[in-house]
Amino acid sequence: MKKSKIQNPKSKTPKICVFDSGLGGLTVVRSIRERLPGAEILYLADTAHAPYGEKTHDEIRRYSLEIARFFVEEQKADALVVACNTATSAAIAALREHYPDLPIVGTEPGIKPALSATQTGKIGVMATPATLAGEKYQALVDRLCGMQEVELFERACPGLVERIEAGEIDAPETRAMLEGWLSPMRSAGVDTIVLGCTHYPIAAEAIRQVMEVPVRLIETGEAIARRLATLLGEQPAEAPGHLRIFATGPIDEAAVERIVGEKVVIDRIDR
Ligand code: DGL
């Protein structure tokens, strides 16, 4: 059997297991549900260990492998989505090595769509410190940016994930942080910003307001959902799919409801 295809052909609605450090990966879940409305989705928010972006790659790899073990052994996952740029950077190779038969989709900053979108050739990249420091990001940039004349404005945004998790996107301190990261982009004529962390689309409105000029924000949820549909096959939606959410620590339930568009029971699990 081909490794990239789903392993359990009898399962009519495959169980798609998705994780991130917190709320961010729900922006990816939103896109998966638009693309595969009948899919059964299990989501794990590893809030006990958030933020990942300021941890070492070894720590992030350990958390990711434990979550994958939970999904594969206890929940019988048919596919795994790493809805986190940081965990993809630190752990996707280890996850694929441990689960060679499981379809695994990761998340990478959308440099490629940004190259197609930019008119000024000035592209902003916002991501966590761990993502920008990772070899994977550097390899992506080296592979894609050699062919086109572009200038990248890379900004690690430490603290932004915590503020999003805490529901403090519009607080003056968060605005000041955004101003510090974005004003050099504004002055330089950046017209496209890669949201290289799945949490950042939740702050998209604040980013637009701070930029003041029209800017295209690139997120990757749709691309991930497309990739998943290719791996699993387009699923006919006989009934709306079920979403189940686990959290390893506290999570803002109102924010979850806002992002996924419905009230979902959240199961607390200890990891
Ligand atoms: N949402 C994650 C990402 O895409 C990072 C969140 C964190 O730093 O915990 O990188």
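Everything below is about the structure printed above this text.
Note that the structure is a prediction, hence the values are computed from the model and not measured. (Residues numbered from 1 in each chain as written. Predicted model: local features only at pLDDT ≥ 70, side-chain atom pairs only at ≥ 80, totals over all residues. Heavy atoms only, no water.)

**Some points on unusual backbone geometry**
Leave glycine aside and you will find that most residues have negative phi; peptide bonds, for their part, are mostly trans. The omega torsion of the bond from alanine 50 to proline 51 falls at -5°, within 30 degrees of zero and hence cis. Along the polypeptide, proline 51 turns up in the loop between β2 (40–45) and α2 (57–74). Of note in the backbone geometry, lysine 76 takes a positive phi value of approximately 55° without being a glycine. Position of lysine 76 among the secondary structure elements: in the loop between α2 and β3 (79–82). Positioned with a positive phi, glutamate 212 is a non-glycine residue whose angle comes to about 70°. Mapped onto the fold, glutamate 212 is located in the loop between α9 (204–211) and β8 (216–218). The exposed category is assigned to glutamate 212, whose relative accessible area is 61%. (Helix = DSSP H or I, 4+ residues; strand = E, 2+ residues; numbered from the N terminus. Buried < 20%, exposed > 50% of the residue type's maximum accessible area, 1.4 Å probe, protein only.)

**Thoughts on the site of the ligand**
Every one of the 13 residues lining the ligand counts as a neighbour, but Ser21, Tyr52, Gly53, Thr86 and Thr198 are closest to it. At 3.0 Å, a side-chain N or O of aspartate 20 approaches a nitrogen atom of the ligand. In this structure, an oxygen atom belonging to the ligand sits 2.7 Å away from a main-chain N or O atom of glycine 53. Broken down by class, the residue content of the shell around the ligand amounts to five nonpolar, seven polar and one charged. (Near = heavy atom within 4 Å. Polar contact = N/O pair within 3.5 Å; in protein donor to acceptor, adjacent residues only side chain to side chain. Nonpolar A, V, L, I, M, F, W, Y, C, P; charged D, E, K, R; others polar.)

**A word on the layout of surface pockets**
Within this model, the largest pocket holds a volume of roughly 620 Å³. Together, 25 residues line the largest pocket, and Gly106, Glu108, Thr220, Ala223 and Ile224 are the ones closest to its centre. The set of elements that each furnish at least two residues to the lining of the largest pocket consists of α3 (85–98), β4 (104–105), α4 (111–117), α6 (135–145) and α10 (221–232). In terms of residue count, α10 provides more of the lining of the largest pocket than any other element does, five residues in total. Taken together, the residues of the lining of the largest pocket break down into 11 nonpolar, five polar and nine charged. (1 Å grid on protein atoms, 1.4 Å probe; cavity = no way out; pocket = protein on both sides within 12 Å on 5 of 7 lines; lining within 4 Å. Points joined across faces, edges and corners; volume = space filled by probe spheres on them.)

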